[in-house]
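In case you want the letters, here they are:
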Amino acid sequence: MSRIQRLHRALTTRDFPCDIWLIAAAVALAGLGWVMVSSASVGLLDNSFYYFRQHGIFLVVSALGCLFMLSVPLEAWRQNAALIFLVSVGLLVVVLLFGQEINGSKRWIALPGPLPNLQVSELGKIGLIFYMAMFMSRFTYDLRLRAFTLWRPIAVLAVPASLLFLAPDFGGMVVYSVCVIGMLMMSGASLVLLIGSGGALAAGAVMLVVLEPYRLARWTSFLDPWADQFATGYQLTQALIAFGRGHVTGTGLGNSVQKLHYLPEAHTDFIFAVIAEELGMIGAIAVILLFTLLVSRAMLIGRKAELAGHLFGAYVSYGIGFVIASQAFINMAVSSGLLPTKGLTLPLVSYGGSSLLVIGMMIGLLLRVDAETRHRPRRTPTPYKSRSEPRLS
């Protein structure tokens, strides 16, 4: 047996009941997030353990959400995908009408009592993934043989994207769009039309930036944050200072200076900058590698499900992979000055109940797809008759 074969045998999860690498990556990121949220939130409140306790509660709720999604058959989600999507769109409308406005954006619904605010756009990701996976598993042949079929899911995408634009939640729009275009790419849709659609969306994004003064200010400050470092470029300059202080090995856990009322949202949107300051380049690269492992396992689970004929589960896995990859990339790119400032959390790491719950549910879905692919025999998709091409049921 060659060295490569021995390495493959040592790393494969074929003999395990589940994908242990997916679980290991998720648990490592969640554990690191709990530690870093506790460190980054020191001094924000009189009770230094408040965010530590709250984040721990969110992690427990996230784990329960993961177990719930793992216990429900995928067929139940496929049959109710349209209804779930309509409910998520309805919640996006509700948040526009009655939502709580924070920092000029309506993204949260205030829940009664001690319950935390609910960020509706996070839940909408699951509804969108379910609907698109249902559509693509049903019309696979049409997407591959009839190029303009892809305009139908893009038209559906326009509904929640428009509602997010009105919020406004520009970062959420980008994540939704990347998710759907990525899923269409994996379904075998026309690359020419996908590239054209991506170009049109990019042109629209440029227009959105130009037409809104605050977005234009964010863009110009991103290009040269030091030109106005105490106003529009304040967040980015403080994040870059954190990166500079971290060097290779970091200042040590708990020794960040930027988290002490210099770096805004240090425990949520800019937690990656605190990681880079306290754990250095080594810690930042470790986080990137963990996300790479998590996303690659999601895509691999989707590929195995597709080869086994479980098309709905395959596209659900692809959608989850693209959501996690795009959100993690945008968050880390914003913190390091590669992209303009966006209000997106770092999945599994940043503080936030809605984000942790949805990511936990996504991990549970991935494990469910993996379990059904492992424990069910190879499935031959059953075509049904139509006036055009046969379609996969």
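Predicted, not measured: the structure shown is a model, and the values here were computed from it. (Residues numbered from 1 in each chain as written. Predicted model: local features only at pLDDT ≥ 70, side-chain atom pairs only at ≥ 80, totals over all residues. Heavy atoms only, no water.)

Q: Before we go on, may I ask you to explain the overall build of the protein chain in this structure?
A: Counting its regular elements, the protein chain contains 15 helices and five strands. For the protein chain, the C-alpha radius of gyration of 21 Å lies close to 21 Å, the compact-globule estimate for 393 residues. Projected onto the principal axes, the alpha-carbon positions of the protein chain cover approximately 65 × 55 × 45 Å. Taking all 393 residues of the protein chain together, the buried fraction comes to 49%. (Helix = DSSP H or I, 4+ residues; strand = E, 2+ residues; numbered from the N terminus. Rg over C-alpha atoms; globule rule 2.2 N^0.38 Å. Buried < 20%, exposed > 50% of the residue type's maximum accessible area, 1.4 Å probe, protein only.)

Q: What am I meant to see in the pairing of strand β2 (residues 105-109) here?
A: Each regular strand shows side chains that alternate between the opposite faces of the sheet. Counting buried positions over the five residues of β2 gives four, a clear majority of the element. Direction of pairing for strand β1 (residues 100-102) relative to β2: antiparallel, over a ladder of three bridges. Within β2, the residue paired with Gln-100 across the bridge is Trp-108. Turn length for the β1-β2 hairpin, with the two strands adjacent in sequence and antiparallel, is two residues, and the turn residue Asn-103 shows positive phi of about 55°. (Pairing = 2+ DSSP bridges.)

Q: Mind showing me how you'd approach empty space enclosed by the protein here?
A: Gaps left between atoms are located by rolling a probe of water-molecule size over the structure's atoms. In the structure shown here, the tally under the stated rule is three cavities of 30 Å³ or more. Counted as a void, the largest cavity has a volume near 60 Å³. The wall of the largest cavity is formed by Leu-92, Val-95, Leu-96, Lys-106, Arg-107, Val-120, Ser-121, Leu-163, Leu-164, Ala-167 and Asp-169. Going through the elements one at a time, α5 (81-98), β2, α6 (120-138) and α8 (151-166) are the ones with two or more residues in the lining of the largest cavity. Looking at side-chain class alone, the lining of the largest cavity contains seven nonpolar, one polar and three charged residues. (1 Å grid on protein atoms, 1.4 Å probe; cavity = no way out; pocket = protein on both sides within 12 Å on 5 of 7 lines; lining within 4 Å. Points joined across faces, edges and corners; volume = space filled by probe spheres on them. Nonpolar A, V, L, I, M, F, W, Y, C, P; charged D, E, K, R; others polar.)

Q: What am I meant to see in the pattern of salt bridges here?
A: Side chains bearing opposite charge may pair, as long as their charged atoms lie close to each other. The final tally for this structure, using the stated rule, is 10 salt bridges. The shortest N-O distance in the salt bridge between Glu-277 and Arg-245 comes to 2.4 Å. Here Glu-277 is found in helix α13 (residues 271-307), whereas its partner Arg-245 is found in helix α12 (residues 234-246), with 32 residues between them in sequence. Taking the relative accessible area as the measure of exposure, Arg-245 reaches 31% and is therefore partly exposed. The network of salt bridges with shared partners includes Arg-144, Arg-303 and Glu-306. (Salt bridge = Lys/Arg side-chain N within 4 Å of Asp/Glu carboxyl O.)

Q: Hey, could you run me through the nonpolar core in this one?
A: A general feature of soluble globular proteins is that nonpolar side chains tend to end up buried together. Ranked by internal contacts, the top residues of the largest apolar core, which has 103 residues, are Phe-291 and Leu-294. Ranked by residues supplied to this core, first place goes to α13 with 14 residues. Those residues in contact with Phe-291, other than ones at most four positions away along the chain, are Leu-29, Ile-324, Ala-328, Met-332, Leu-346, Pro-347 and Val-349. (Core = buried A, V, L, I, M, F, W, Y, C linked by side-chain atoms within 4.5 Å. Contact = heavy atoms within 4.5 Å.)

Q: Explain the packing of α6 against helix α9 (residues 170-187) to me, please; I cannot follow it from the model alone.
A: Geometrically, a packed helix pair is captured by the angle between its two axes and the distance between the axes. Packing of α6 against α9 brings their axes to within 11 Å, and their N-to-C directions diverge by 20°. One way to sum up the angle between α6 and α9 is to call them roughly parallel. The chirality of how α6 crosses α9 is right-handed. In contact with Ser-121, Gly-124, Lys-125, Leu-128, Ile-129, Met-132, Ala-133 and Met-136 of α6, α9 contributes Val-175, Tyr-176, Cys-179, Val-180, Met-183, Leu-184 and Ser-187. (Axes fitted to C-alpha atoms, helices over the stretch in contact; angles between N-to-C directions. Parallel < 35°, antiparallel > 145°, perpendicular 65-115°, else oblique. Left-handed = near helix turned anticlockwise from the far one by under 90°.)

Q: Would you mind going over α13 with me for this structure?
A: Given 3.6 residues per helical turn, the α-helix brings residues three or four places apart onto the same face. The end-to-end C-alpha distance of α13, which contains 37 residues, comes to just 38 Å, noticeably less than the 54 Å that a straight helix rising 1.5 Å per residue would cover. Maximal helix bending in α13 amounts to about 130°, located at Leu-279. Note on α13: the residue one or two positions beyond its end, Gly-309, has a positive phi of about 90°. (Expected span 1.5 Å × (residues − 1). Bend = angle between axes of the 7 residues up to and from the residue.)

Q: I would appreciate a short explanation of the side chain of Asn-331 in the present structure.
A: You can see Asn-331 is positioned in helix α14 (residues 311-335). The buried category is assigned to Asn-331, whose relative accessible area is 1%.

Q: Mind showing me how you'd approach the confidence of the model for the protein chain here?
A: As a general rule, the predicted coordinates of low-pLDDT regions are not to be interpreted in detail. With 93% of its residues at a pLDDT of 70 or more, the protein chain has an overall mean of 87. Low pLDDT, under 50, characterises residues 382-393; the stretch is placed with 28 contacts to residues that sit more than four places away or in other chains. (pLDDT = per-residue confidence, 0-100.)

Q: Sorry if this is basic, but what is going on with the environment of Leu-92 here?
A: With respect to the helices and strands, Leu-92 occurs in helix α5. A C-alpha to C-alpha distance of 30 Å links Leu-92 and Leu-191, two positions 99 residues apart in sequence. Contact partners of Leu-92, with chain neighbours within four places excluded, come to Val-120, Ser-121, Pro-160, Leu-163 and Leu-164.

Q: Is there a simple way to think about the layout of surface pockets in this case?
A: Approximately 290 Å³ is the volume attributed to the second largest pocket. Surrounding the second largest pocket, 14 residues form its lining, Ala-26, Val-27, Ala-30, Ala-63 and Leu-348 being those nearest its centre. Counting only elements with at least two residues in the lining of the second largest pocket, the list comes to α2 (20-40), α3 (50-71) and α15 (353-375). It is α2 that contributes the most residues to the lining of the second largest pocket, six residues altogether.

Q: What's the story with the side chain of Ser-354 in this structure? I'm lost.
A: If you trace the backbone, Ser-354 turns up in helix α15. For Ser-354, the side chain forms a polar contact with the main-chain nitrogen of Gln-119, separated by 2.9 Å. Excluding residues within four positions of it along the chain, Ser-354 makes contact with Asn-117, Leu-118, Gln-119 and Glu-122. (Polar contact = N/O pair within 3.5 Å; in protein donor to acceptor, adjacent residues only side chain to side chain.)

Q: Help me out: how do you make sense of α3 in this one?
A: With 22 residues, α3 extends 32 Å from end C-alpha to end C-alpha; this agrees with the ideal 32 Å at 1.5 Å per step. Listed in full, the buried residues belonging to α3 are Tyr-51, Gln-54, His-55, Gly-56, Phe-58, Leu-59, Ser-62, Gly-65, Cys-66 and Met-69. The inward-facing, buried residues of α3 contact α2, α4 (74-79), α6 and α15.

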